[in-house]
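Fold and geometry: a report
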Amino acid sequence: MTALILSLVIASVVGTIVWIVQNVIKPVTQKLFSQTWHYYTGLIPVFFLLGGSELINKLILFLRSVLPDTDIVPKSATIAVQDVYIPMEQTAASGSFVMRQLFADLPLLDYSKEFVLFATAIWAVGAALFFVAHIQKYRSFKRSILKESRICSTVSCPVKVIVSANATTPMVMGLWKPIVVLPDTRFEEKELAMILSHELVHVKRGDLLVKLLMLIANAVHWFNPAIYSLNKQINTLCELSCDEKVVQDMDLENRRFYGETLLSVLEYGVRQRNVVFTSQLCNSKKEMKRRLLNVMNVRKTKKSIIMLSLVATITLVGSGGLAAHAAGLAAPARAVPDKAATPEIPTGKVPEGRNIYIQLEDGTVFYYDKDGNASKVPDLKGKPSPKELAPEELADRIKQFIKDNVPVPQDYVDKLPQEDLDAINKAYGLKLKSTKQFTAEELIALTKKLIEEGTGVPQAYVNALPQKNVDEINKIYGWELKKSE
């Protein structure tokens, strides 16, 4: 659950950073680029909010495996596994290093398990309430629109058109089978053509699917105030870009008539608040003024501006990718045990020895004893020597790891007699194997898989691999796996 909370925080931070960058450069981009460009690039933060950060980091890892000679990403921390001392390198900027150390201190806090559980529960309840409330709002709104409605058979339109007495503005409604809704008022033929042209642009572009993505992003990140502003901006840009598409080939007179049509709809009735799965023609007076100005100023985009807009788009995506990667470096190594997964000490057992300790470049040392408790030891020197365990003690600890759903250290498996290991596998339906039972190909595949998953690589695997294979893996993934001395 800690990983879930951290992933949410990273995604929210990265999405917010990209959104801030967009708003900072907006005074310049508004003069150069179309509203359609602003609308679609407004979805870049949504991409990072809905898992783009993880995707970017996996893409970087893939590129490193394909192009092992290119140093695409600075080396991250070497892996920390049970019963092994492995130093962590400071690989990012000093700010990233500080963030990583803060994250590393998290398991050391009292009641961290309870805090993570509480935070996860609060987030899940908030997300569920947000999503359910908006779905219920849409269903209620839809019932109201359809209650006093009739099919409009006098217009030729590729989608169903209805007239509703409860509609105060023309709109598109529905996700899978969208319909055009018209208010129960008389429109001139040319006005109706303008209105239908606008609404059909929404249908053809799939703008209601964009609204669904925004709903999901807003529900997942309901705790982030920036996402509400992003949602409002995208709704406004959706209408501006739609107007832009409709009037693109119109002359000045027709554009003026289109603007008058918008004003006539504005005067018809009170606007509804934004409802998911709907796209309404009419906005507030402030936004309508902006739309009218945009309608009169739409011009064809030059090829040079198109190229510049492409460069700007790549830059925005790149800035998000850098932020995502930096946040990924700042996150704690997944191989470090989480206090939330700490097994209880078996009855009659006394905590002693250390399974793992990690020393940062500044000399700070973190160590974890066999029961999973973490503590900070600033002046630890030398490698601790864990107590040699008898086969019965090894078996007891392995069984306790299994009961607590904690990964079994490979070192324990290797030291356990085969007959005891077979008995545990039979009792728990597992397939634990000692390192010597793996072929070199299996060890290479397992090591690569564990690295790509971000989990710990047992030192026993590294020791059993030929040095050339260890060197090859280090070169591909930018790690520094070493054999024990």
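This write-up is about the structure you can find in this document. Values in this document were obtained by computation on a predicted structure and should not be read as measured data. (Residues numbered from 1 in each chain as written. Predicted model: local features only at pLDDT ≥ 70, side-chain atom pairs only at ≥ 80, totals over all residues. Heavy atoms only, no water.)

1. Some thoughts on the nonpolar core
With 20 residues, the main nonpolar core has V155, V161, V180, L182, L192 and L196 as its most contacted residues. Going through the elements one at a time, β2 (161-164), β4 (179-183), α6 (189-205) and α7 (207-220) are the ones with two or more residues in this core. Look past the residues within four positions of V155 in its chain and what remains in contact with it is V161, L192 and L196. (Core = buried A, V, L, I, M, F, W, Y, C linked by side-chain atoms within 4.5 Å. Buried < 20%, exposed > 50% of the residue type's maximum accessible area, 1.4 Å probe, protein only. Helix = DSSP H or I, 4+ residues; strand = E, 2+ residues; numbered from the N terminus. Contact = heavy atoms within 4.5 Å.)

2. A short note on the packing of helix α15 (residues 440-453) against helix α17 (residues 467-477)
Describing two packed helices takes the angle between their axes plus the distance from one axis to the other. Where α15 contacts α17, the two axes come as close as 11 Å, and the packing angle between them is 25 degrees. Taken together, α15 and α17 sit at an angle that is classed as roughly parallel. When you trace α15 past α17, the crossing you get is right-handed. Together, I444, T447, K448, I451 and E452 of α15 and N469, I473, I476 and Y477 of α17 make up the contact between the two elements. When the residues that make up the contact of α15 with α17 are grouped by side-chain class, the tally is 5 nonpolar, 2 polar and 2 charged. (Axes fitted to C-alpha atoms, helices over the stretch in contact; angles between N-to-C directions. Parallel < 35°, antiparallel > 145°, perpendicular 65-115°, else oblique. Left-handed = near helix turned anticlockwise from the far one by under 90°. Nonpolar A, V, L, I, M, F, W, Y, C, P; charged D, E, K, R; others polar.)

3. Considering the environment of L230
In this structure, L230 sits in helix α8 (residues 225-247). Separated by 185 residues in the primary sequence, L230 and P45 place their C-alpha atoms 8.5 Å from one another. Excluding anything up to four places from it in sequence, L230 contacts W19, G42, P45, V46, L49 and M214.

4. A closer look at the pattern of salt bridges
For the structure shown, the criterion picks out 2 salt bridges. We note a salt bridge from R150 to D184, for which the minimum N-O separation is 3.4 Å. Of this pair, R150 sits in strand β1 (residues 149-151) while D184 sits in the loop between β4 and α6, and the two are 34 residues apart along the sequence. The exposure class of D184 is partly exposed, given its relative accessible area of 38%. Between R205 and D207 there is a salt bridge, with its nearest N and O atoms 2.9 Å apart. Judged by relative accessible area, which is 22%, R205 ranks as partly exposed. (Salt bridge = Lys/Arg side-chain N within 4 Å of Asp/Glu carboxyl O.)

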